[in-house]
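Read off the chains here:
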Amino acid sequence: MTAPSDNAHQGLGVDVGGSGVKGGIVDLDTGKLVGERFKLPTPQPSTPDAVAATIATVVDHFGWQGRVGVTYPGVVTEGLVRTAANVDKGWIGTDAQDVISKALGGRSVTVLNDADAAGLAEEKFGAGRDNTGVIVLLTFGTGIGSAVINNGVLLPNTEFGHLEVDGKEAEHRAASSIKEAKDWSYERWTKEVTKVLVVIENAVWPDLFIAGGGISRKADKWIPLLQNRTPVVAAALENEAGIVGAAMAAEVAQAIGKA
Ligand code: BGC
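What you see is a predicted model; the values in this text were computed from it and never measured. (Residues numbered from 1 in each chain as written. Predicted model: local features only at pLDDT ≥ 70, side-chain atom pairs only at ≥ 80, totals over all residues. Heavy atoms only, no water.)

Caption draft 1: Structural view of the site of the ligand. Every residue lining the ligand is accounted for by Pro 73, Gly 74, Ala 85, Asn 86, Asn 113, Asp 114, Ala 115, Ile 144, Gly 145, Glu 159, His 162 and Glu 171. In the complex, the protein chains occlude 93% of the 310 Å² of accessible area that the ligand would expose alone. Listing elements by their share of the shell around the ligand, those giving two or more residues are helix H3 (114–125) and strand E10 (144–150). Split by residue class, the shell around the ligand holds four nonpolar, five polar and three charged. Residues from two domains meet in the shell around the ligand; each of domain 1 (10–114 + 243–255) and domain 2 (127–236) gives at least three. (Near = heavy atom within 4 Å. Areas by Shrake-Rupley, 256 points an atom, 1.4 Å probe, with all protein chains shown as cover. Helix = DSSP H or I, 4+ residues; strand = E, 2+ residues; numbered from the N terminus. Nonpolar A, V, L, I, M, F, W, Y, C, P; charged D, E, K, R; others polar. Domains from an automatic or database assignment.)

Encoded structure:
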């Protein structure tokens, strides 16, 4: 267990996914984790109360007393959950900030979309750190998450995974879960990814795409096969991006005096 330091510029981030709830203490100057990550399985069914209790166990593991940043795999506006594509539908309409804060004994909590958190972290500390201009991060996993960041400023809840691409939702066409379910080769799957990227680049004209999610670890096998116009690079922070971005968002919320 890592003892949180009072003086250091640190935050605690918790990344909630379909299979795991992962937390870590983040050095907010470097974007690196201080000590080990701690991961528990996501409870099934993944109801708000069950997930909030798991988050509390992760936070307690670190003995963390400050504000906590938490990701959620759906749309979150002002702490309120609006969608639940790949988690228990009981989340819809829930005040996630409230439910998680209660599980943490009233501690302040900042909740944001998982891909938005990953985008913030990659832009500042990872694959986008040398890039100015518009960055679109996409996470390929069970679904497709998206983040749009312009010179460090996030446009939250973009949800490009639900855009219709050639008559089908983007994430039903090109999430990495579809590649697995259909047992597709990288060649076959990247044809679908290319279609999704083209629709996004024609609408937003980003300077750079960052490809995240577990499959970005095998990026050399598939990024060279893409045929869209905008450069695509692999995410650099791998499975820590959500934790780092959550801690960053919590710090910003604290600085602007959110409850
Ligand atoms: C959700 C997004 C989320 C993505 C990755 C999508 O189904 O709608 O909000 O970022 O999955 O978890």
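Once the structure has been displayed, the description carries forward.
Caption draft 2: Seen up close, the domain arrangement of the chain. Annotation of the chain at the domain level lists domain 1 (10–114 + 243–255) and domain 2 (127–236). Taking the mean C-alpha position of each, domain 1 and domain 2 sit 24 Å from one another. Taken together, the seven residues of domain 1 in the interface contact seven residues of domain 2. Taken together, both faces of the contact between domain 1 and domain 2 bury some 510 Å²; the carbon and sulfur share is 45%. Looking only at domain 1, the three residues that lose the most surface to domain 2 are Val 75, Asn 86 and Asn 113, adding up to 63% of its buried area. (Contact = heavy atoms within 4.5 Å. Buried area = accessible area lost by both parts, 1.4 Å probe.)

Caption draft 3: Quick peek at the environment of Val 196. When you line up the elements, Val 196 lands in helix H6 (residues 186–204). Judged by relative accessible area, Val 196 falls into the buried class, the value being 2%. Taking the C-alpha atoms as reference, Val 196 lies 22 Å from Ala 241; in sequence the two are 45 residues apart. With residues near it in sequence (within four places) discarded, Val 196 still touches Val 165, Ala 170, Arg 173 and Ala 174. (Buried < 20%, exposed > 50% of the residue type's maximum accessible area, 1.4 Å probe, protein only.)

Caption draft 4: Region of the structure containing the sheet that holds strand E11 (residues 153–155). Reading across from one edge, E11-E10-E9-E14-E15 is the order of the five strands in this open sheet, with mixed pairing throughout. Among the strands making up the open sheet, the edge pair consists of E11 and strand E15 (232–234). Geometrically, the sheet is characterised by an average inter-axis angle of 30° between neighbouring strands, direction not taken into account. Packed onto the sheet, H3 meets strand E9 (134–140), E10, E11 and strand E14 (208–212) and runs at close to 45° relative to E10. Against the sheet, H6 contacts E9, E14 and E15, and its axis sits at roughly 150° relative to E9. (Pairing = 2+ DSSP bridges. Axes fitted to C-alpha atoms, helices over the stretch in contact; angles between N-to-C directions.)

Caption draft 5: Summary view of the packing of aromatic side chains. One pass over the full model with this rule turns up four aromatic pairs. Relative to Trp 222, the ring of Phe 140 has its centre 5.8 Å away and its plane inclined at 75°; by these criteria the two rings are edge-to-face. Taken together, the residues span a long stretch of sequence, with Phe 140 in strand E9 and Trp 222 in helix H7 (residues 219–222) at a distance of 82 residues. Both residues of the pair, Phe 140 and Trp 222, belong to the buried class. Summarising the aromatic geometry, the rings of Trp 189 and Trp 222 are spaced 4.8 Å apart at their centres and angled 65° between planes, so their arrangement reads as edge-to-face. Of the two residues, Trp 189 sits in helix H6 while Trp 222 sits in helix H7, which places them 33 residues apart along the sequence. Of the two residues, Trp 189 and Trp 222, both sit in the buried class. Lys 179 extends its terminal NZ or CZ atom over the ring of Tyr 186, reaching a point 4.2 Å from the ring centre. Above the plane of the ring of Trp 184 lies Arg 188, whose end atom (NZ or CZ) is 4.3 Å from the centre. (Phe/Tyr/Trp six-rings, centres within 6.5 Å; stacked < 30°, edge-to-face > 60°. Lys NZ or Arg CZ within 6 Å of the ring centre and 35° of its normal.)

Caption draft 6: Representation of the packing of H3 against helix H8 (residues 241–255) in the model. Two elements in contact, H3 and H8, have axes separated by 7 Å at closest approach and are oriented at 90°. In terms of axis orientation, H3 runs roughly perpendicular to H8. Contact with H3, carried on its side by Ala 117, Ala 118, Leu 120, Ala 121, Glu 122, Lys 124 and Phe 125, involves Ala 241, Gly 242, Val 244, Gly 245, Ala 246, Met 248 and Ala 249 of H8 and no other residues of that element. Its residues assigned to classes, the contact of H3 with H8 comprises ten nonpolar, two polar and two charged. (Parallel < 35°, antiparallel > 145°, perpendicular 65-115°, else oblique.)

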